[in-house]
2 protein chains.
Amino acid sequence: MAKTTITINDIARDLNVAPSTVSRALNNSNKISEKTKDLIRDKAAELGYDLNMVASSLSRKQTNIIGVMVPSVNRHFFSQVVSGIEDLAYDAGYRIIIAQTNELAEREKDILTLFNSTRVDGIIACLSLETSDVTHFSKILKNGIPLVLIDRVSYELDCPKIVVDNHEGAFQAVSHLVRSGCKRIAHLGGPMGCPVFKERSKGYLDAMQKAGLPIHAKYHLSTDLSTRDVQEAMKVWLSMPETPDGIFTSDSHTGLVAAKIATEAGIRVPEEISFVAFGDDPAHEYITPSLSSIEVPGNEMGRSAMQLILEQCLGESIDVQTIIKPIQLIIRSSSFR
Amino acid sequence: MAKTTITINDIARDLNVAPSTVSRALNNSNKISEKTKDLIRDKAAELGYDLNMVASSLSRKQTNIIGVMVPSVNRHFFSQVVSGIEDLAYDAGYRIIIAQTNELAEREKDILTLFNSTRVDGIIACLSLETSDVTHFSKILKNGIPLVLIDRVSYELDCPKIVVDNHEGAFQAVSHLVRSGCKRIAHLGGPMGCPVFKERSKGYLDAMQKAGLPIHAKYHLSTDLSTRDVQEAMKVWLSMPETPDGIFTSDSHTGLVAAKIATEAGIRVPEEISFVAFGDDPAHEYITPSLSSIEVPGNEMGRSAMQLILEQCLGESIDVQTIIKPIQLIIRSSSFR
């Protein structure tokens, strides 16, 4: 659908102020001076911004609360997403409540009920690993509550999605290992029921094929991302006559655990085995040798999600379906040879 | 005040079931079988448990939502606290919403207003570093909303508190460095406006005095816990003619940063400088050498806080004022010599 209406972004650009300032002014926030509000209202009128939309949006009793649902706040990526959302939300006069699914589909449903009963103005969610059926989200959309999905999304749902190109990230990681001279590259994959991990796995396979390297079945393992699964995979690999000389892990935690096991077994990293992990964590820099990664812009993804929620809260129609944020390869000691 | 009434713990003990099961049964949760409910109600009647209290508590419209307020979910300790709370809460039919203060007193007030308007059944909070005035919490107590403070508490507030003995933890850490042969022990302190960090600093001073070791003013620095402050402190220390041979840091992050700076400067850890940090984080085990710590039982503290909230939600009067949870010294390579 085409975007025919003027948005708060247009007003912001014309006045050279932040979109969040426009949002606050049109929401009549007391954090904005009357002078600025007048300026913004005048510009809105001048550009033909549909103030009725704001009015109609305001007539729904607003709580100014945004519900954020993530698998676990303890992981670096999700904490970055949350802080990106908060940066923008508080600035625009919104507050956020956070809830963790702990990767359970049942708890995800429970939390949506909670957000609904709390009458949040919008929801930003990352699906749990267990989630396959998404009817609980369809209901939220039917109730007219703005929803933005982040990272782990479902294309069955008609709402904006903020993602990264998981295939491309994996492809870059493996191609870098190839360029570093690795010939026997293994992949420590995640749960294949989750599209994100499936795409990373596909990226590994495609990069191997492009490089003309053989893929042994034993080099391509799927885990539940737990420490125990990593230990088992490493045991298999380190006892093979042809030990892998490069390992690409599907997330940060598995990368940290795998590299530690190798180092403790007396293996020289990166000379004997090189490591690259999808995802980042401050621990990548603390460990010796430091761990290379595909950096995912969690903060930026959170900000974009919140921006799309803000626009919807102001009654704007959103024509964005999917935003693909750029990833980048950070080469550290674990793969620099 | 004396505890004169029978509590859910008494019923739980007699029936050999979890207190949370008793709580759910008396709350008439549909997750408990009718048979078990009958058993628990019978035992409650037999022991003279005051069911009117439950009834009166239930007559206040319950939302079964608990608000949890922490400085930042990204830190290991707070994420442990949150998961301890969740373990018990979900089991007892409650859900939790989390909000971050980011160490800002203003945001703390804002979040309490949010929790109040969300009509949470109880609040578990850790004060922000900025908080000195606690009248916003007094109001919560006046409104009859159960409140439990955790870790960073205010003794001005008449509510249960779950803490650790910060003085004792610091004393143990420094005494361990003394036993390892350190003579010039420095302390990288936190913000002295916060009682938790003041107590840790006092523990350092007392342990030094007990060991008969001199305390140079330059060995005792206060920081805002930021990476930059740690860098500056380490710069001062490493350029002194008498470099410290032991460093006790007031939290986990400062310990990780300080140890990394020393290692990168070519200093042998623990031979030339030993490190112990107050607090724990998985990264303590990833780094080389691994970092010794005073382990704080975050999960256990969260569980206790939630247990006290549950009892209050059932209308029980709480005679507990402060629970001091045990800390333990974990000796790793950074201080083992």
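By the naming in an unreviewed UniProt entry, chain A goes by Transcriptional regulator, LacI family and is assigned to Alkalitalea saponilacus.

Student: Describe the overall build of chain A, naming the residues involved and giving the relevant values.
Tutor: Per the secondary structure count, chain A includes 13 helices and 12 strands. Dimensions of chain A along its principal axes, counting C-alpha atoms only, are 75 × 40 × 35 Å. Looking at chain A as a whole, 56% of its 337 residues are labelled buried. The long-range fraction of contacts in chain A, counting pairs at least 24 apart against all pairs at least 6 apart in sequence, stands at 73%. Here chain A contributes 35 positively and 41 negatively charged side chains, and the mean placements of these two sets differ by 1 Å.

Student: Requested: an account of the pattern of salt bridges, with residues and values cited.
Tutor: Across all of its chains, the model carries 28 salt bridges over all chains by this definition. Ionic pairing is found between A:K202 and A:D206, a salt bridge with its closest N-O pair at 3.1 Å. Pair noted here: A:K202 and A:D206 are both in helix α9 (residues 195-211), with a separation of four residues, about one helical turn. Taking the shortest distance from any N to any O, the salt bridge between B:K43 and B:D14 comes out at 3.8 Å. Here B:D14 lies in helix α1 (residues 8-15) and B:K43 lies in helix α3 (residues 34-47), a separation of 29 residues in the sequence. Shared partners join several salt bridges into a network, and the residues in it are A:D14, A:K43 and A:E46.

Student: Could you give an account of the pairing of strand β1 (residues 65-70) of chain A, naming the residues involved and the relevant values?
Tutor: Residue and element names in this part refer to chain A. With six of six residues buried, β1 lies mostly within the body of the structure. Neither face of β1 is left uncovered, since the one carrying I65, G67 and M69 and the one carrying I66, V68 and V70 both have all their residues buried. The sheet contact formed by β1 and strand β2 (residues 95-100) spans six bridges and is parallel. Along β2, the bridge assignment pairs M69 with A99. As for the winding sense of the linkage, the β-α-β connection from β1 through helix α5 (residues 76-91) to β2 is right-handed. Of the strand pairs in this sheet, β1 and strand β3 (residues 122-125) are connected by four bridges, and their pairing is parallel. When the sheet's bridge partners are listed, I66 is paired in β3 with G122.

Student: Lay out the environment of A:L26 with the relevant residues and their values.
Tutor: In this structure, A:L26 sits in helix α2 (residues 19-26). The sequence separation of A:L26 and A:D38 amounts to 12 residues, and the corresponding C-alpha distance is 9.6 Å.

Student: Please set out the sheet that holds strand β9 (residues 274-278) of chain B residue by residue, giving values where relevant.
Tutor: All names here are of chain B. Ordered by their spatial adjacency, six strands build an open sheet running β7-β6-β8-β9-β10-β12, and the pairing between neighbours is mixed. The open sheet has two edge strands, β7 (220-222) and β12 (328-330), and neither has a second partner. If you compare each strand with its neighbour and ignore which way they point, the axes differ by 15° on average. Bridge count for β9 against strand β10 (residues 292-295) is three bridges, and the pairing is parallel. What sits directly across from F278, in β10, is I294.

Student: Pulling in residues and values, what's your account of the environment of B:T223?
Tutor: Residues and elements named next belong to chain B. Among the secondary structure elements, T223 is positioned in the loop between β7 and α10 (227-238). In sequence terms T223 and E46 are 177 residues apart; their C-alpha atoms lie 57 Å from each other. Dropping the residues within four chain positions of it, T223 is found in contact with L188, G189, G190, P191 and D229. Within the structure, T223 has its side chain in polar contact with the backbone nitrogen of L225 (distance 2.9 Å).

Student: Describe the relation of the copies chain A and chain B, naming the residues involved and giving the relevant values.
Tutor: Superposing chain A onto chain B requires a rotation of 180° together with a translation of 0.0 Å along the rotation axis, leaving an RMSD of 0.1 Å. Here the two chains are linked by the operation of a two-fold rotation axis.

Student: If you had to explain the packing of aromatic side chains to someone new, which residues and values would you point to?
Tutor: Per the counting criterion, the structure on display carries two aromatic pairs over all chains. The ring of A:Y90 has B:R107 lying over it, and the distance from NZ or CZ to the ring centre is 3.5 Å.

Student: Can you tell me about the domain arrangement of chain A, naming the residues and giving the values?
Tutor: On domain assignment, one finds that chain A holds domain 1 (8-58), domain 2 (63-162 + 298-327) and domain 3 (166-296 + 329-335). Between the C-alpha centres of domain 1 of chain A and domain 3 of chain A there is a distance of 48 Å.

Student: An account of the nonpolar core is needed here, citing residue identities and associated values.
Tutor: Nonpolar side chains in soluble globular proteins generally cluster together in the buried interior. In this structure, A:I124, A:F275, A:M306, B:I124, B:F275 and B:M306 are the most contacted members of the largest nonpolar core, which totals 138 residues. Not counting the four nearest positions on each side in its chain, A:F275 is found in contact with A:M234, A:I247, A:A258, A:A259, A:A262, A:V269, A:L291, A:S292, A:S334 and A:S335. By size, the runner-up hydrophobic cluster in this structure holds 46 residues, among which are A:L147, B:I111, B:L149 and B:V163.

Conventions and cut-offs
Residues numbered from 1 in each chain as written. Chains lettered and ligands numbered in written order. Predicted model: local features only at pLDDT ≥ 70, side-chain atom pairs only at ≥ 80, totals over all residues. Heavy atoms only, no water. Helix = DSSP H or I, 4+ residues; strand = E, 2+ residues; numbered from the N terminus. Buried < 20%, exposed > 50% of the residue type's maximum accessible area, 1.4 Å probe, protein only. Contact = heavy atoms within 4.5 Å. Lys, Arg positive; Asp, Glu negative; His and termini not counted. Charge placed at Lys NZ, Arg CZ, Asp CG, Glu CD. Salt bridge = Lys/Arg side-chain N within 4 Å of Asp/Glu carboxyl O. Pairing = 2+ DSSP bridges. Right-handed = clockwise from strand over helix to strand, strands pointing away. Axes fitted to C-alpha atoms, helices over the stretch in contact; angles between N-to-C directions. Polar contact = N/O pair within 3.5 Å; in protein donor to acceptor, adjacent residues only side chain to side chain. Least-squares fit on C-alpha atoms with pLDDT ≥ 70 in both. Phe/Tyr/Trp six-rings, centres within 6.5 Å; stacked < 30°, edge-to-face > 60°. Lys NZ or Arg CZ within 6 Å of the ring centre and 35° of its normal. Domains from an automatic or database assignment. Core = buried A, V, L, I, M, F, W, Y, C linked by side-chain atoms within 4.5 Å.

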